[in-house]
Amino acid sequence: MKTKSLKFLIFLILPIFLLNFLLIFTENKNFSNVYALSSARGMCVLDKDSKRVLYSKNMDLKLPMASTTKVVTAITVLNNCTDLDEMIQVADESVGIEGTSIYLRKGEVIKVKDLLYGLMLRSGNDSATALAIHVGGSISQFAEMMNELAISVGAKNSHFTNPHGLDDDNHYTTAYDLALITAYALNNPIFKEIVSTKTHVIEETNVSEKRYLTNKNRLLSTLDGCCGVKTGYTSKAGRCLVSAVERDNRTSVAVVLNCGPMFEESASMLNSSFDDYDYMKIIDKDKEIYNEYIIDNVEGELNLYAGEDFYYPLKEGELDKLKISYSVNLDDAKSGDEVGEINISFDNRLLKTIKLFTMNKIDKLIDSKTLAISEVLWEE
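Bear in mind the structure is a predicted one, so any value in this text is a computation, not a measurement. (Residues numbered from 1 in each chain as written. Predicted model: local features only at pLDDT ≥ 70, side-chain atom pairs only at ≥ 80, totals over all residues. Heavy atoms only, no water.)

Peer 1: How would you sum up the overall build of the protein chain? Please name residues and give values.
Peer 2: In terms of regular secondary structure, the protein chain is built from nine helices and 17 strands. Burial statistics for the protein chain: of 380 residues in total, 49% are counted as buried. Accessible surface, the protein chain as shown: approximately 19,000 Å² in total, 49% of it carbon and sulfur. (Helix = DSSP H or I, 4+ residues; strand = E, 2+ residues; numbered from the N terminus. Buried < 20%, exposed > 50% of the residue type's maximum accessible area, 1.4 Å probe, protein only. Areas by Shrake-Rupley, 256 points an atom, 1.4 Å probe, with all protein chains shown as cover.)

Structure (structure tokens):
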């Protein structure tokens, strides 16, 4: 009898021990393969600016995403609403929406910006509905605006039917798509301000006392550099989290869909993204590019500069996969003219094309239409 009890106790305790061991182990931010152990059904960690996928698991699997939908709702509103201080009367359809709420009341007049805080901090489904009707005129029309935005940023495997994320068979996204949309949204300073806010007070309205909102994203208080973004849960979608960390002028975005320990796993992967990848400045717009050339037997030096900087995250040993090629046309070029482009490729895939400009006047015409630059040096 004692043997059976002992076996049952071990059977009961072992899974709990293994889970705790996993969480403790993955808290070590030097563990570079933490993403491989993710329990999420779909996961993606993305570098915000270069859009490089740093870690992934089933990132193109179409899944429900619950209230992380509101990332798309918020940026759609911000793209289409010029006056966030506008006082609007909420539509009757916004009152009594199921799920999480800021308890809007019939006839209530409230600021658009306060509805956005109610949307992203409290995850108010009534806020989502009120904003959608105000901006789109109807839920269906606003959903089309959400879909258009998704396509415009390259999120091709998503479809939205509502602004709040309540379950619908035709309402879905992928971890990769949601990471892309979030990376785009974080370029909006108001979006970033709202999703990184821990608490907000909505002042009293014509029918309500003050509302005190607290952000549900606990990583804002526990993870260095966390700047948002949104939690979500329904029984169908499971626990979902979109999160982002900004350190040393670089931002990583993490999306986990249907993930039990969503905070722990997201924190581990975000930490690892800064340890596993060096953020390298590949093109520096403030440094001259020059190349020696010969025109009509006269030697000269061609000074060019790039139109913008370019950074890219690279793991150890990946630098050789990066290729830079130049194309230059110098016909009748003057100082400051656009004369060509830089093409940057990684692993034979084009990453970026950057315009090239002259820094010095070219006095002589070049007979050939294109001058091929074989060697480019950075002038220190």
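Back to the write-up after that little detour.
Peer 1: An account of the packing of helix H2 (residues 70–80) against helix H6 (residues 175–185) is needed here, citing residue identities and associated values.
Peer 2: Working note: a packed helix pair is described by the angle between its axes plus the distance between those axes. Following both chains from N to C, one finds H2 and H6 inclined at 35°, their axes separated by 10 Å at the closest point. The handedness of the crossing between H2 and H6 comes out as left-handed. Contact residues: Val-71, Val-72, Ile-75 and Asn-79 in H2; Leu-178, Ile-181, Thr-182, Tyr-184 and Ala-185 in H6. Split by residue class, the contact of H2 with H6 holds seven nonpolar, two polar and no charged. (Axes fitted to C-alpha atoms, helices over the stretch in contact; angles between N-to-C directions. Left-handed = near helix turned anticlockwise from the far one by under 90°. Contact = heavy atoms within 4.5 Å. Nonpolar A, V, L, I, M, F, W, Y, C, P; charged D, E, K, R; others polar.)

Peer 1: Give me the pairing of strand S2 (residues 53–57): which residues, what numbers.
Peer 2: The sheet contact formed by strand S1 (residues 42–47) and S2 spans four bridges and is antiparallel. In the strand pairing of S2, Val-45 is matched with Tyr-55. Here S1 folds back onto S2, and the loop between the two strands holds five residues, one of which, Lys-51, carries a positive phi near 65°. (Pairing = 2+ DSSP bridges.)

Peer 1: So what's going on with the environment of Val-71? Which residues, and what values?
Peer 2: Mapped onto the elements of the fold, Val-71 is located in helix H2. The residues contacting Val-71, other than those within four sequence positions of it, are Met-120, Ile-181, Thr-182, Phe-191, Val-229 and Lys-230.

Peer 1: Explain the packing of aromatic side chains to me, and be specific about the residues and the numbers.
Peer 2: Applying the stated rule across the entire model yields five aromatic pairs. Ring centres 5.5 Å apart and planes at 25° place the aromatic pair Tyr-305 and Phe-357 in the stacked group. Taken as a pair, Tyr-305 in strand S12 (residues 298–306) and Phe-357 in strand S16 (residues 349–358) lie far apart in primary sequence, 52 residues in all. Residue Phe-357 is classed as buried on the basis of its relative accessible area of 18%. Summarising the aromatic geometry, the rings of Phe-310 and Tyr-312 are spaced 6.1 Å apart at their centres and angled 20° between planes, so their arrangement reads as stacked. When its relative accessible area of 8% is taken as the criterion, Phe-310 is described as buried. Tyr-312 gets classed as buried once you look at its relative accessible area, which sits at 1%. Aromatic rings pair up to connect Phe-310, Tyr-312 and Phe-346 into one cluster. Directly above the ring of Phe-274 sits Arg-250, whose terminal nitrogen or CZ lies 4.7 Å from the centroid. (Phe/Tyr/Trp six-rings, centres within 6.5 Å; stacked < 30°, edge-to-face > 60°. Lys NZ or Arg CZ within 6 Å of the ring centre and 35° of its normal.)

Peer 1: Kindly report on the sheet that holds strand S8 (residues 238–247), identifying the contributing residues and their values.
Peer 2: A sheet is described by the order of its strands in space; here five strands give the open sequence S2-S1-S9-S8-S7, paired in antiparallel fashion. Of all the strands in the sheet, just S2 and strand S7 (226–234) have a single pairing partner and so form its edges. Neighbour-to-neighbour, the strand axes of the sheet open up by a mean angle of 5°, direction not taken into account. Along the sheet face, H6 touches S1, S2, S7, S8 and strand S9 (250–257) and points at about 35° away from the line of S1.

Peer 1: A description of unusual backbone geometry should follow, citing residues and the corresponding values.
Peer 2: For Asn-58, which is not a glycine, the phi torsion comes out positive at approximately 50°. Counting through the fold element by element, Asn-58 comes out in the loop between S2 and H2. At Asp-248, a position not held by glycine, the phi torsion is positive, near 50°. According to the relative accessible area criterion, Asp-248 is exposed, its value standing at 75%.

Peer 1: How would you summarise the side chain of Arg-250 if you had to cite specific residues and measurements?
Peer 2: Secondary-structure assignment places Arg-250 in strand S9. Of the residues examined, Arg-250 reaches a relative accessible area of 4% and is grouped as buried. Only 3.1 Å separates the side chain of Arg-250 from the backbone oxygen of Tyr-277, close enough to count as a polar contact. If sequence neighbours within four positions are ignored, Arg-250 has contacts with Asp-47, Leu-54, Val-245, Ser-273, Phe-274, Tyr-277, Tyr-279 and Pro-313. (Polar contact = N/O pair within 3.5 Å; in protein donor to acceptor, adjacent residues only side chain to side chain.)

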